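Coordinate analysis (summary)
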Amino acid sequence: MTLGALAFLSPWLLTALATLPLIYWLLRTVPPRPQQIEFPPTRILIGLDNKDKTPAKTPWWLLLIRLLAAALVIFALAEPVLNPQSGQALKGDGPVVITVDNGWTAGTRWSERMSMVDRLIGEAEAQNRPVVILPTAAGAKSSVVKIEAPSDARSTAAAMQPQPFAPDRAAAGKTLTTALQGQADKAPSIIWLTDGIEHSPAAAEFAETLATAASSGTFAVVDMAAGTEPVGLFASMAADGKLQAKVMRGSGSARDGTVYALSARSQRLGEATFNLGVGDAATSVMFDLPLELRNQVTRLEIANERSAGAISLLDQRSQWQRVGLISGESQEQSQPLLAPLYYIEKAVQPFAELIRPKDQNLASGIDTIISQNASVMMLADIGTLSGEIKDKVTEWVDRGGVLVRFAGPRLEKGGDDLLPVALRIGGRTLGGALSWSTPQPLNAFEDASLFAGLTVPADVTIRRQVLADPALLTPEIKVWARLKDGTPLVTSVKRGEGTIVLFHITANSDWSNLPISGLFVELLRRITQLGNLNSAPATSSDAAGDPSAVADVAPAAAPAAESLPPVLTLDGFGALKPPPPTAQPLPRSKSADTQASLDHPPGYYGAGDTPRAINVLTAKSALAPLPALPGSVERRSYESEGTTPVKPWLLAAALGLLFLDILAVLLLMGGFRALRPAAQAASVLLLAAILVPGASNFAFAQQDDLPERFNIPGRTPAPEPTVKIPPGTSPADTSALLATSKVTFGYVLTGDATVDKISQQGLRGLVKVLSVRTAVEPGDPIGVDVTKDEIAFFPILYWPVLENPQPLPESALAKIDAFMKQGGMIIFDTRDYGQGIPSGMAMAGEGGPALQRLLGRLDLPRIEPVPEDHVVTRSFYLLTSFPGRWDGGQLWVEAQGDTSGSDEPGGRQARRADGVSSIMVTPNDFASAWALDNTGRPLYPVTPGGEGQREMALRTGVNIVMHALTGNYKADQVHVPALLERLGQ
């Protein structure tokens, strides 16, 4: 039933209005309660005439209030709605199909899409029609689309999320056709929440599929509002080495924005503004940064755009290196087209900063290259390095430099030990003793080669080369390129933290035509990417002494894996997170051509030193608007006013009238006089509270222990008990008394005053939260030296791991081992997740990661990511993630099924300690998130989730403590009904 802009979803309830006369008659015939008057003694009443008369019936205005309240309740039960969309009502009698473009473009304005979906489901519910939720970007390989009731469709829509790749509309069209089978006699209504971008040629076919399916019903398209069209980003290197960002969109009105250049630690290193004119599809912006800052940029992103397409991740391939060039050429060779360095310069110049010493002295030239912090050094036909020169180059390579050498007549006579492999005296030439009958072509690159995936031109041939001694080709020597007959052409070896590479041919066209081919450029590009400016030797005091100036990237090495496993990937909102279960390893040979998809979401692939970045948009990407849609399509927008229910307003008005009725009755009965003494008493108490000094003093600064903001109503933290220390007690005994007087947590003193202070502040903040939220009232945390102090008193030890920890003595390792095996828990916090990618996978110096170097000799149990059914996920709060100052790092716990080294079935340590994990490992920096000052205010920022993330971090701390103190108590079956109820199952 519709009346103008007002409609009733249950109009039959309006028949209850016929009962209003009956209600009127009942209220009119039942007078209000007589007014009560206190009678004085009878003799005082003699001769008095009471002028106050008690009414014989209810006053007309009170009747009107009550009748209006009843009428409003009746109208509310009829469920009236405003703006019932009479002009845009969904036509048809079949299912309402809500098609949502939930690809990478949807993240920024996802809430608008979900609001529109909810409104459309409401319209379908008002028409008693089923609903189909059809996402065009499937979040699983086997997605099922079905016809559901509106209530179930709301749950399906709530589970839908934006995906970090383009939608597959062709697959969505087939899925819809399958879902609507058996509905031929029905007329479905189809609403397409589009992003306005074509994505693929299948968009036109998909639109036709939707129009055909809704031939006799509604086919509507919800367009993005002007100025809110999705924009994407791709970062690349310009010809001069500057960072370049290409901002793309389908079409739209004029629009301005900002692109940020961010480091691995989310520090803003630069910004550039862009301007898109009316109808402009793309524009480019440049970042003019010093090389040192330029190479610290790990991603570019568009400000205020929360989508995977608005972020472009950078890896080592995009870094601009300093490359030093030295040649042993003679004067007649030092002219263009003949000089060995001529072709190298032409090949490397587009993606590197060249250093070519002017001094022909070899020693001076090498000094110049090293002093300018070059990460790659290329030597063309330098036969032998010796003496002080050799020592300098060796030290430079050991500290992370990449040395690339090219053969020539000098190396045919032998070389030095700064080569990947020993060479045979003499070369192999066309027509010589060790010769070919014809020039040799190159073989295809192997998957384990650095050059995997590059195409070998058929016209590239080798006429002469220096030969590696085959007897000395040990496994550590990598062969990156071979000739067709298997002869090594490019070899490499890891030396210290650096790499030595040898081309067994000259750098000019004397021995082959490889230097004049496009393949030569790609080979040198791959090799140059191995050299990282920040991992190369630093000679300046600033670079050597400032850890923040060093990129968190491991030294370069030859890749060996044929596939790159996903490490961190972007979600639909553009946040880096652990990869989803659908993510598959990336074949190294196809990494350059892989498009972001469900199997390969955008992110970083390949643990180690050279992870590859996969982005939503590439250099070849171009966004185009949707093609022309069928003429019968109905246009809607997200800004159109939706149907608004009036029922809550009517019920609120009826409730207000009932309160007014109560006040009126009190007025008629003289009730306000009865309430006057109570009001006077309340006023006196309020005035006393204001005037008495300190009565209303709630200043946080005066609270030395617990801030009022954490107090629970009706609960006051217990006062801190005083521990009496007898005179003459030794420091060790004093520490023992303090640790055992209450439940006390310990934190390991690392020797770094800043880190130790954060640990203390973090545990103190956690203690405050525990005191008000749980029955646990811990004492003040105590710092311990694991090499000297006793640690058996503490149920939990928090251990922040430094980047370069000192190895522990055997006595300390034995103490730690005993502590863990006797039920204690140690939280190892590496605090390195926030340093970004690829630093999280990088080796922290010689010997492995910092935690491994610290505890490598300890008998640790096997650890695993926290399982979904682990007790720590429900020991107090129900948790699915465990953030700290950073969000996204994995929390590791002792494996529940660990049986290694145990004679007992079911686990070596967890069973002995009631399911308490003896070890937890996190990179999320818990202490910084827990740290609170005396007023209860946080001391350190958390990223990227803000204070909501801090709350989850505090809950993580509470869960860990309750797990350590209660063990597997919450794993008992008696708790299952309560847990299921809280989960809504």
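Residues numbered from 1 in each chain as written. Predicted model: local features only at pLDDT ≥ 70, side-chain atom pairs only at ≥ 80, totals over all residues. Heavy atoms only, no water.

**Considering the sheet that holds strand S8 (residues 219-223)**
Rules: Note on pairing: DSSP must find at least two bridges between two strands before they are called paired. Only DSSP runs of H or I covering at least 4 residues are called helices, and only runs of E covering at least 2 are called strands; the numbering of each starts at the N terminus.
Read across the sheet, six strands follow the order S6-S5-S4-S7-S8-S33 without closing on themselves; strand pairing throughout is mixed. Single-partner strands in this sheet number two, and they are strand S6 (147-148) and strand S33 (634-637). As defined by bridge partners, S8 adjoins S33 across four bridges and the pair is classed as parallel. Note on S33: the bridge partner recorded for Ala220 is Glu634.

**Focus on the confidence of the model for the protein**
Rules: Along the chain, pLDDT gives the predictor's confidence residue by residue, from 0 to 100. Here a residue-residue contact requires only that any non-hydrogen atoms of the pair lie within 4.5 Å.
This prediction gives the protein a mean pLDDT of 78; 76% of its residues lie at or above 70. Note that pLDDT drops below 50 for residues 533-560; the model gives that stretch 69 contacts with residues more than four away or on any other chain. Note on residues 836-848: pLDDT is under 50 here. Beyond four places in sequence and across chains, it has 32 contacts.

**Here's the deal with the pairing of strand S24 (residues 477-482)**
Relative to strand S25 (residues 488-495), S24 runs antiparallel, the two sharing five bridges. Looking at the pairing, Arg482 lines up with Pro488 of S25. In this antiparallel pair of consecutive strands, S24 and S25, the connection spans five residues, and Gly486 shows a positive phi of 90°.

**Section: the packing of aromatic side chains**
For any pair of aromatic rings, the description rests on two quantities: the centre-to-centre distance and the angle between the ring planes. Put simply, the rule is: Between rings of Phe, Tyr and Trp, where Trp is taken as its six-membered ring, a pair exists when centres lie within 6.5 Å; planes separated by under 30 degrees are stacked, by over 60 edge-to-face, and by other angles tilted. Only protein chains enter the accessibility calculation, which uses a 1.4 Å probe; a residue whose area is less than 20% of its type maximum is buried, one above 50% is exposed, and one in between is partly exposed.
By the definition in use, this model includes 11 aromatic pairs. Pairing Trp799 with Phe828 gives two aromatic rings, centres 5.3 Å apart and planes at 35°, and the pair type is tilted. Here Phe828 lies in strand S38 (residues 825-829) and Trp799 lies in strand S37 (residues 796-800), a separation of 29 residues in the sequence. In this structure, Trp799 and Phe828 share a single accessibility class: buried.

**Topic: a nonpolar patch on the surface**
Heads up, the condition is: Patch membership requires more than 30% relative accessible area and the absence of a salt bridge. Residues of like charge join within 9 Å; the nonpolar side chains Val, Leu, Ile, Met, Phe, Trp and Tyr join within 5 Å. All accessible areas in this document rest on Shrake-Rupley with a 1.4 Å probe, and a residue is counted as covered only by the protein chains that are shown. For this analysis, a salt bridge means a side-chain nitrogen from Lys or Arg found within 4 Å of a carboxyl oxygen belonging to Asp or Glu.
On the surface, a nonpolar cluster with roughly 450 Å² of combined accessible area is contributed by Trp60, Trp61, Leu64 and Leu68. Owing to a relative accessible area of 65%, Trp60 belongs among the exposed residues under this scheme.

**Description of the sheet that holds S24**
The cut-off we apply is this: A fitted line through C-alpha atoms serves as each axis, taken over the contacting stretch for helices, and the angle formed by two N-to-C directions is quoted from 0 to 180°.
Taking strand neighbours across the sheet as the criterion, the seven strands line up as S17-S16-S18-S19-S26-S25-S24 in an open arrangement whose pairing is mixed. The two strands at the open ends of the sheet, each matched to only one other strand, are strand S17 (352-355) and S24. With direction set aside, neighbouring strand axes in the sheet form an average angle of 20°. Strands in contact with helix H8 (residues 340-348) are strand S16 (321-327), S17, strand S18 (376-380) and strand S19 (402-406); relative to S16, the strand with the most contacts, it is inclined by about 170°.

**Notes on helix H4 (residues 150-159)**
Put simply, the rule reads: As used here, the arc is the angular range of directions from the helix axis to the C-beta atoms.
Among the residues of H4, those classed as buried are Pro150, Ala153 and Ala157. Considered in projection along H4, the buried side chains sweep an arc of 50° and stay on one side of the axis. Exposed and oriented more than 90 degrees from the buried face of H4 are Ser155, Ala158 and Ala159. Buried positions along H4 lie against helix H3 (110-126), strand S5 (131-135) and S6.

**What to know about unusual backbone geometry**
Across the junction of Thr943 and Pro944, the peptide omega takes the value 5°, indicating a cis bond. Residue position: Pro944 is located in the loop between helix H20 (926-930) and helix H21 (946-966). If you check the backbone angles, His199 has positive phi at about 70° while not being a glycine. Structurally, His199 can be placed in the loop between strand S7 (189-193) and helix H6 (202-213). Overall, His199 belongs to the partly exposed group, its relative accessible area being 27%. With a phi close to 65°, Ser266 is a non-glycine residue in the positive phi region. Residue position: Ser266 is located in the loop between strand S11 (255-263) and strand S12 (268-276).

**Let's talk about the environment of Tyr877**
Stated formally: Polar contacts here mean pairs of N or O atoms no more than 3.5 Å apart (in protein, one a potential hydrogen donor and the other a potential acceptor; neighbouring residues in sequence count only if both atoms are side-chain atoms).
Within the fold, Tyr877 resides in the loop between strand S39 (863-865) and strand S40 (892-894). Distance in space between the C-alpha atoms of Tyr877 and Arg955 is 6.7 Å, their sequence separation being 78 residues. If near-sequence neighbours (up to four positions away) are discounted, Tyr877 is found in contact with Arg773, Arg955, Val958 and Asn959. In terms of polar contacts, Tyr877 uses its side chain to reach the side chain of Arg773, at 3.3 Å.

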